[in-house]
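Residues per chain, in single letters:
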Amino acid sequence: MTTAAELFIKCLENEGVDNIFGIPGEENLYVMEALRNSGIEFITVRHKQAAAFMADVHGRLTGKAGVCLATLGPGATNLVTGFADANMDRSPVIAIAGQGATTRMHKESHQILDLVNLFDPISKNSAEIADVEIIPELVRKAFKDAQAEKPGGAFISFPENIAGQMIESDLTPLKVQSPLMPDAPEAKIRQAAQIIDAAQFPLIMAGNGVIRSSASEALITFAEHLNAPVAQTFMAKGSIPFSHPLSLGSIGLQAHDYVACGFDRADVIICIGYDMVEYPPRLWHPNKDKKIIHIDQTYAEVDAHYILEAGVLGNISNSLTRIAACTTKTHAGKTENLKGIIQHELDDYASNQHFPLKPQKILYDTRQVMGDEDILISDVGAHKMWIARLHRCQRPNTCIISNGFASMGIGVPGAIAAKMACPDKNVLTITGDAGFMMNSQEIETALRYQIAIVIMIWNDSEYGLIKWHQERRFGHSNNISFNNPDFVKYAESFGAKGYRVDTAQDLLPTLEKAFADNTVVIVDVPVDYSENMKLTETLGQLVCPV
Ligand SMILES: Cc1ncc(C[n+]2csc(CCOP(=O)(O)OP(=O)(O)O)c2C)c(N)n1
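What counts and how
- Residues numbered from 1 in each chain as written.
- Predicted model: local features only at pLDDT ≥ 70, side-chain atom pairs only at ≥ 80, totals over all residues.
- Heavy atoms only, no water.
- Pairing = 2+ DSSP bridges.
- Helix = DSSP H or I, 4+ residues; strand = E, 2+ residues; numbered from the N terminus.
- Axes fitted to C-alpha atoms, helices over the stretch in contact; angles between N-to-C directions.
- Contact = heavy atoms within 4.5 Å.
- 1 Å grid on protein atoms, 1.4 Å probe; cavity = no way out; pocket = protein on both sides within 12 Å on 5 of 7 lines; lining within 4 Å.
- Points joined across faces, edges and corners; volume = space filled by probe spheres on them.
- Nonpolar A, V, L, I, M, F, W, Y, C, P; charged D, E, K, R; others polar.
- Parallel < 35°, antiparallel > 145°, perpendicular 65-115°, else oblique.
- Left-handed = near helix turned anticlockwise from the far one by under 90°.
- Near = heavy atom within 4 Å.
- Polar contact = N/O pair within 3.5 Å; in protein donor to acceptor, adjacent residues only side chain to side chain.
- Buried < 20%, exposed > 50% of the residue type's maximum accessible area, 1.4 Å probe, protein only.
- Lys, Arg positive; Asp, Glu negative; His and termini not counted.
- Salt bridge = Lys/Arg side-chain N within 4 Å of Asp/Glu carboxyl O.

Visitor: Is there a simple way to explain the sheet that holds strand β9 (residues 202-206) in this structure?
Guide: Where strands meet in a sheet, backbone hydrogen bonds hold them as pairs that are either parallel or antiparallel. If you trace the six strands from one edge of the open sheet to the other, you get β11-β10-β9-β12-β13-β14, paired in parallel fashion. Each having just a single partner strand, β11 (247-251) and β14 (308-313) make up the two edges of the open sheet. Each adjacent strand pair in this sheet contributes to an overall mean axis angle of 20 degrees, direction not counted. Two strands pair when backbone bridges link them, and strand β12 (residues 268-272) and strand β13 (residues 291-296) are joined in this way by five bridges, in the parallel orientation. Looking at the pairing, Ile269 lines up with Ile292 of β13. Here helix α8 (residues 186-197) sits on the sheet in contact with β12, β13 and β14, set at roughly 135 degrees to β14.

The structure is reproduced here in structure tokens:
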């Protein structure tokens, strides 16, 4: 005889879960007890929001659902932001919350809240284990829904009286069947090829779906075959190496960036794994004058600025290979001007000695220290915009940016999950000082589990991105300043290491030392955000090179 909680944990093992991020609570005592005898490691964290962000980044990097756990009421509500972030960033995540006994859920009762309804609008599937009999089905369905394209969140509420029930029947986990994405119909492949052959300047926009479906190699071959330039959304950075001659860089800054110039000239845009949650079509297709080809595993969202000339649904790599085989024309490519400007911008700052440091200089040096396979996790703020534009990302899944829900606070927990998933890689998070303080408590978690990460804080004592927006809109800013702790002492108080960068030439050796320390290290970098408005002015006056 086993408990329902033991069966539940067996079902998680059956799904290949190796760790759960969370905080134990009174209503999941049976689940915690069942975990003791399982092969699953429970990572005890300091805030449930961080647990959800960890599951989020785990899901994004591995393609397998990350799992987080909390208790009922306030424990579950604490999961919400990180879970919503995963759901909208299309990362597979399972959130499990304890719940009060079913005998008290129909009335006002201590800490009871309708969790299934709370999570419903922020998940693909939200359900309660109302009976032990349904555990194998419910768990299989949660994982299947979370991991199917487009991936997202599944929520499971587990009432404590059900979790503790003894099971006499022979309930066992259901067989896991991985769905195979079918190939696109031939007629659609030919239609797309004809449109591309007839194009003057086809341009490829790669989205996160390329990375999720491991289609990077097929994308590169496709672009080379067509000799067509490739822009990437923030979440598709690395789908083609920055150094590739056909790579335009990242698109998504809500202004007329250099990369957008490629869009102005293009008559056909080939969107591959593109997700408009990242970058709305009206920003890159304001005049509705281009032909759009949608190549993805799911059908396109409806948008007045995203009316398709052709939709090719199916396995992305297979579609790209077959479309390329049907095309006969090689195109102009011709991206040197655009690419050159961005590379120039970086090179110009390579030996900039200004203090506080310029964002361009920080990102130049960061790339010098990080190997192509090392992972950078961005938090959310002005620093994210600079990372998206200027971080030269070479490989898929080596620059993680949240750009669907785009929640601050992902940096530190995200870095912890990334290092756990990829222990052989160096992991750096770049975070604003505000976003850092939202989940800085997880430094203790990282130290306790001996997870070595480097946390670089861009220190401006302000909500930098909001100041940027206020100045752009109104010419002044208000209510965006705050004071910071001494970040070096803060790090040391946890038993971590802390370094402050006092001159521009300090940064490179400090970063090298930080990675060599092989522990949790904070690097406090004063940043000169006067560059933000300068960038706005430059982009405002931008005339696209022809
Ligand atoms: C949880 C959350 N709250 C608020 C926002 C809105 N927001 C986006 S960036 C930002 C300021 C970020 O400041 P900081 O972390 O210091 O980074 P910086 O912009 O200075 O680089 C705010 C308030 C958000 N995206 N997520």
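Visitor: Sorry, what's going on with empty space enclosed by the protein here?
Guide: One way to see where empty space is left: roll a probe the size of a water molecule over the atoms. For the coordinates displayed, the defined rule picks out two cavities of 30 Å³ or more. Lys150, Tyr274, Asp275, Met276, His294, Asp296, Thr298, Tyr299, Ala300, Glu301 and Tyr306 together form the lining of the second largest cavity. When its residues are assigned to classes, the lining of the second largest cavity shows five nonpolar, two polar and four charged.

Visitor: What should I look at first to understand the packing of helix α16 (residues 382-390) against helix α23 (residues 530-540) in this one?
Guide: Two numbers describe a pair of packed helices, the interaxial angle and the distance between the axes. The interhelical angle for the contact between α16 and α23, taken along N-to-C directions, is 50 degrees, at an axis separation of 11 Å. One way to sum up the angle between α16 and α23 is to call them oblique. Crossing of α16 against α23: the hand is left-handed. Here Ala382, Trp386 and Arg389 of α16 lie close against α23, whose contacting residues are Glu531, Asn532, Leu535 and Leu539. Here the contact of α16 with α23 is composed, by residue class, of four nonpolar, one polar and two charged.

Visitor: Honestly, the layout of surface pockets in this entry has me stumped. Any pointers?
Guide: The space that makes up the largest pocket amounts to roughly 1100 Å³. Around the largest pocket sit 47 residues that line it, and Gly63, Glu149, Arg212, Ser213 and Ser214 are the ones nearest its centre. Elements supplying a minimum of two residues to the lining of the largest pocket: α3 (48-62), α6 (135-147), α9 (208-212), α10 (216-226) and α13 (316-326). Split into classes, the residues belonging to the lining of the largest pocket amount to 16 nonpolar, 19 polar and 12 charged.

Visitor: Looking at this model, I keep getting lost on the packing of α3 against helix α17 (residues 411-421). Mind explaining?
Guide: Put simply, α3 and α17 touch, their axes get as near as 8 Å, and they point 45 degrees apart. As summarised for this structure, α3 and α17 are arranged oblique, according to the angle between their axes. Considering only the axes of α3 and α17, their crossing is right-handed. Here Ala50, Phe53, Met54, Val57, His58, Leu61 and Thr62 of α3 lie close against α17, whose contacting residues are Pro413, Gly414, Ile416, Ala417, Ala418 and Ala421. Per-class residue counts for the contact of α3 with α17 are 10 nonpolar, three polar and no charged.

Visitor: How should the site of the ligand be read in this particular structure?
Guide: Taken together, 18 residues surround the ligand, and among them Ala382, His383, Asp433, Leu465 and Tyr529 come closest. One of the side-chain nitrogen or oxygen atoms of Asp433 is found 2.7 Å away from an oxygen atom of the ligand. Glu462 is positioned with one of its backbone polar atoms (N or O) 3.1 Å from an oxygen atom of the ligand. Going through the elements one at a time, α16, α18 (433-438) and α20 (464-474) are the ones with two or more residues in the shell around the ligand. Residue composition of the shell around the ligand, by class: nine nonpolar, six polar and three charged.

Visitor: Help me out: how do you make sense of the environment of Gly464 in this one?
Guide: The residue Gly464 is located in helix α20 in this model. Gly464 sits in the buried class, given a relative accessible area of 11%. Taking the C-alpha atoms as reference points, Gly464 and Asp275, separated by 189 residues in sequence, lie 27 Å from one another.

Visitor: What is the right way to read the sheet that holds strand β3 (residues 41-44) from this model?
Guide: On the basis of which strands lie adjacent, the open sheet formed by six strands has the order β3-β2-β4-β5-β7-β6 and parallel pairing. The open sheet has two edge strands with one neighbour each: β3 and β6 (125-128). With direction set aside, neighbouring strand axes in the sheet form an average angle of 20 degrees. Sheet analysis places strand β2 (residues 19-22) next to β3, joined by four bridges and oriented parallel. Its bridge partner being in β3, Ile20 is matched across the sheet by Phe42. Helix α1 (residues 4-14) contacts β2, β5 (93-99) and β7 (153-159) of the sheet and is inclined by roughly 160 degrees relative to β7.

Visitor: So what exactly am I meant to see when it comes to the side chain of His285 here?
Guide: Within the element layout of this structure, His285 appears in the loop between α12 (281-284) and β13. A residue is classified by how much of its surface remains accessible, and His285, at 3% relative accessible area, is buried. Among the polar contacts listed, one links the side chain of His285 to the backbone nitrogen of Asp289, at a separation of 3.1 Å.

Visitor: How do you make sense of the side chain of Asp460 when you look at a structure like this?
Guide: Position of Asp460 among the secondary structure elements: in the loop between β18 (454-459) and α20. With no salt bridge to any partner, buried Asp460 finds its closest opposite charge in Lys467, at an N-O distance of 6.8 Å. In contact with Asp460, other than residues within four places in its own chain, are Asp433, Val527 and Tyr529.

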